[in-house]
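Each chain, written out:
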Amino acid sequence: MKAIINLDQLVTCIHTTSKAKRGPEMNDVGVISNGAIIIDDGFIRGVGSTYSLQKTIDKIPKENIIDGRGKIVIPGFVDSHTHAIFAGTREKEFAMRLQGKPYMEILLAGGGILNSRKTLMESSDKEIIEQTRARFDRMIAFGTTSVEVKSGYGLSTEQEIRSLELLKVLSESHVIDVQKTFLGAHAVPPEYKDSKSDYVSLVCNEMIPIIASKKLAKYCDVFCEKGVFNVNDTERIFETAIANGLELRLHSDEIESLGGTELACALGARSVDHLIAITNNGLKALEKCETIANLLPGTSYSLMKSYAPAREMINRGIALSLSTDCNPGSCYTESMPMIISLACLNMKLTPAEALNAATFNGACSLGIQDRVGSLEMGKEADLLLLDMQSYEAIPYHFGINPVLKTMKYGKWID
Ligand SMILES: [Zn+2]
């Protein structure tokens, strides 16, 4: 048994139900002053004030107790939208963007996703694994204990399956909890430029059945955007995904609204992601369903674009989560503290709303909230010891890593 005691704040992010927090609920992070947490065998065995847990603390050997004076503990971050399995980086395109070239123009000129596709194909399994493992290490260092990762740089049956199989190898050998998503419909490969529906057929008739039967992914995602996959393509892919037992997530309304959000809500998707260009109809659809609006302010920041209307979403009672979108093109960061800061400064979330979105609601969007995402009795001990006296300092003291130590499943990760 071990314990952390005398914490300035134990921030639980606890919720009364296992549904995502919405509206005013998002502003409550469940702070316990002079807090303590007791951990045994990977699980949380006690949460409360140091005073209330004193009898149990007295039974724990001194060397297993950390004095948390001047520090806080929060749940490990749940990063529910990344493309973290890729090879090579694209800082040259970043420099082009700084000179004003739009992302879609870079994509159509063979850059963007297609550039990463080429590098992935040319890289060995070992290279891809090593580079991705380094990203997972950085995520753990910055406090992410659960991460969703999408395929989508393969864009062929062989390479999509390869990406997901490598991800499986990584998830079995790395401490971070990996949730896998199939994103074969990330871009239209150039060889299908004039026959996009044939590529959609390949995704539906070949890729999804194999991936589902091999259990290589839990979710299916589509990049629903003008010039890429439209609502009809998305519907075809989603219907196939549902028939094969996959859950849905969607890249939607990032640049233009096509109606993808409304479709995803109607089909019971776990999340719709980006939503910078969401319409009133999209907002109305989200109000009425349990689909979570997964916002990615790092992408707006890195692409120097506008931000999703987060305040309006919260006012309408829509559940929000926050993620990095970690990818080699539009947003290369593993830092959830950075994302929380951007969400507060550019989308006007309160520090509490942003923290709930980055923990409990992220876990809800992945359907893992019964295990992780908040600090409560019986849950897995995924938590962070932060070098600050209040959770409000996370967005305030930006550009640094506030995480002193990350605990995953009851063990401190060095
Ligand atoms: Zn994405």
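Residues numbered from 1 in each chain as written. Predicted model: local features only at pLDDT ≥ 70, side-chain atom pairs only at ≥ 80, totals over all residues. Heavy atoms only, no water.

What follows covers helix H7 (residues 196-213). With 18 residues, H7 extends 25 Å between its outermost C-alpha atoms, agreeing within 8% with the 26 Å of an ideal straight helix rising 1.5 Å per residue. Its maximal kink placed at Met 207, H7 deviates by approximately 35°, while the proline Pro 209 follows within four residues. Buried within H7 we find Tyr 199, Val 200, Leu 202, Val 203, Cys 204, Met 207, Ile 208, Ile 211 and Ala 212. In this structure, the buried residues of H7 make contact with helix H6 (157-173), strand S8 (177-185), strand S9 (219-224) and helix H8 (231-243). Once H7 ends, the next one or two residues include Lys 215, with phi positive near 55°. (Helix = DSSP H or I, 4+ residues; strand = E, 2+ residues; numbered from the N terminus. Expected span 1.5 Å × (residues − 1). Bend = angle between axes of the 7 residues up to and from the residue. Buried < 20%, exposed > 50% of the residue type's maximum accessible area, 1.4 Å probe, protein only. Contact = heavy atoms within 4.5 Å.)

Among the secondary structure elements, Glu 91 is positioned in helix H2 (residues 91-98). On the basis of relative accessible area, Glu 91 is assigned to the exposed category, the value being 52%. Each C-alpha atom, one on Glu 91 and one on Ser 52, is 52 Å from the other, the two residues being 39 residues apart in sequence.

Attention shifts here to helix H10 (residues 280-287). Where H10 is concerned, the buried positions are Gly 282, Leu 283, Ala 285 and Leu 286. The buried residues of H10 occupy one face: seen down the axis, they fall within an arc of 160°. (Arc of directions from axis to C-beta.)

Angles at a metal have ideal values that depend on geometry: 109.5 degrees with four tetrahedral donors, 90 or 180 degrees with six octahedral donors. For the zinc ion, the full set of protein donor atoms is His 81 (NE2), His 83 (NE2), His 251 (NE2) and Asp 325 (OD), and the range of their distances to it is 2.0 to 2.6 Å. Around the zinc ion sit four donor atoms; with metal-centred angles ranging over 79 to 168°, the donor geometry is irregular. Read in sequence order, the donor residues for the zinc ion give the motif H-x1-H-x167-H-x73-D. Here His 81 is found in the loop between strand S6 (77-79) and H2, whereas its partner Asp 325 is found in the loop between strand S13 (320-322) and helix H13 (336-347), with 244 residues between them in sequence. Taking the relative accessible area as the measure of exposure, Asp 325 reaches 2% and is therefore buried. (Donors = N, O, S within 2.8 Å, 3.2 Å for Na, K, Ca; no water. Tetrahedral: all angles 85-135°; square planar, octahedral: opposite > 155°, others 65-115°.)

Examined at the domain level, the protein chain breaks down into domain 1 (2-75 + 373-413) and domain 2 (78-366). Spacing between the C-alpha centres of domain 1 and domain 2 amounts to 29 Å. With 35 residues of domain 1 at the contact, the number on the domain 2 side is 35 residues. Inspection of the domain 1/domain 2 interface yields one salt bridge. Here Lys 19 ties to Glu 290 by a salt bridge, and the two come within 3.2 Å at their closest N and O atoms. For the pair domain 1 and domain 2, the number of links is 14 residue pairs in polar contact (both at pLDDT 80 or more). At the level of elements, strand S5 (72-75), helix H16 (393-396) and strand S15 (403-408) are the ones that each hand at least two residues to the side of domain 1 that touches domain 2. Considering every element that reaches the side of domain 1 that touches domain 2, the biggest residue donor is S15, with four residues. When the residues that make up the side of domain 1 that touches domain 2 are grouped by side-chain class, the tally is 17 nonpolar, nine polar and nine charged. (Domains from an automatic or database assignment. Salt bridge = Lys/Arg side-chain N within 4 Å of Asp/Glu carboxyl O. Polar contact = N/O pair within 3.5 Å; in protein donor to acceptor, adjacent residues only side chain to side chain. Nonpolar A, V, L, I, M, F, W, Y, C, P; charged D, E, K, R; others polar.)

What follows concerns the packing of H7 against H8. With their axes 10 Å apart at the nearest point, H7 and H8 run at an angle of 10° to one another. Classified by the angle their axes make, H7 and H8 are roughly parallel. The segment H7 lies against H8, with Lys 196, Ser 197, Val 200, Ser 201, Val 203, Cys 204 and Ile 208 engaging Asp 233, Arg 236, Ile 237, Thr 240 and Ala 241. Tallied by class, residues from the contact of H7 with H8 come to six nonpolar, three polar and three charged. (Axes fitted to C-alpha atoms, helices over the stretch in contact; angles between N-to-C directions. Parallel < 35°, antiparallel > 145°, perpendicular 65-115°, else oblique.)

We now examine a nonpolar patch on the surface. Taken together, the side chains of Phe 94, Leu 98 and Met 304 define a hydrophobic patch exposed on the protein surface, amounting to about 310 Å² of accessible area. Take Leu 98: it is sitting in helix H2. (Patch = residues over 30% accessible without salt bridge, like charges linked within 9 Å, V, L, I, M, F, W, Y side chains within 5 Å. Areas by Shrake-Rupley, 256 points an atom, 1.4 Å probe, with all protein chains shown as cover.)

What follows is about empty space enclosed by the protein. Taken as a whole and judged by the stated rule, the model has one cavity of 30 Å³ or more. Put simply, the largest cavity is a space of about 140 Å³. Lining the largest cavity we find 14 residues, and of these His 83, Tyr 103, His 186, Asn 327 and Ser 330 sit closest to its centre. In terms of residue class, the lining of the largest cavity is built from four nonpolar, seven polar and three charged. (1 Å grid on protein atoms, 1.4 Å probe; cavity = no way out; pocket = protein on both sides within 12 Å on 5 of 7 lines; lining within 4 Å. Points joined across faces, edges and corners; volume = space filled by probe spheres on them.)

Before going further, it helps to examine the sheet that holds S13. The eight strands are arranged S6-S7-S8-S9-S10-S11-S12-S13 in an open sheet whose pairing can be described as parallel. Each of the sheet's edge strands pairs with one partner strand only, and the pair in question is S6 and S13. Recorded for the sheet is a direction-independent mean angle of 25° between the axes of neighbouring strands. Where S6 and strand S7 (residues 144-150) come together, three bridges link them in parallel fashion. Of the residues in S7, the one forming a bridge with Asp 79 is Val 147. Strand contacts of H6: S7 and S8, with the helix running at about 175° to S8, the strand carrying the most contacts. Seen against the sheet, H13 touches S6, S7, strand S12 (292-295) and S13 and runs at an angle of roughly 80° to S6. (Pairing = 2+ DSSP bridges.)

Residues other than glycine seldom take positive phi values, yet Asp 41 does so here, at roughly 55°. By the element assignment, Asp 41 lies in the loop between strand S2 (31-40) and strand S3 (43-49). Under the relative-accessibility criterion, Asp 41 is labelled exposed at 65%. Backbone geometry places Leu 155, a non-glycine residue, at a positive phi of 55°.

Counted under the stated rule, the structure contains zero disulfides. There is no disulfide at Cys 265, and the cysteine sulfur nearest it, in Cys 289, is 3.2 Å away. Note on Cys 364: no disulfide assigned, nearest cysteine sulfur contributed by Cys 13 at a separation of 11 Å. Given a relative accessible area of 6%, Cys 364 falls into the buried group. (Disulfide = S-S within 2.5 Å.)

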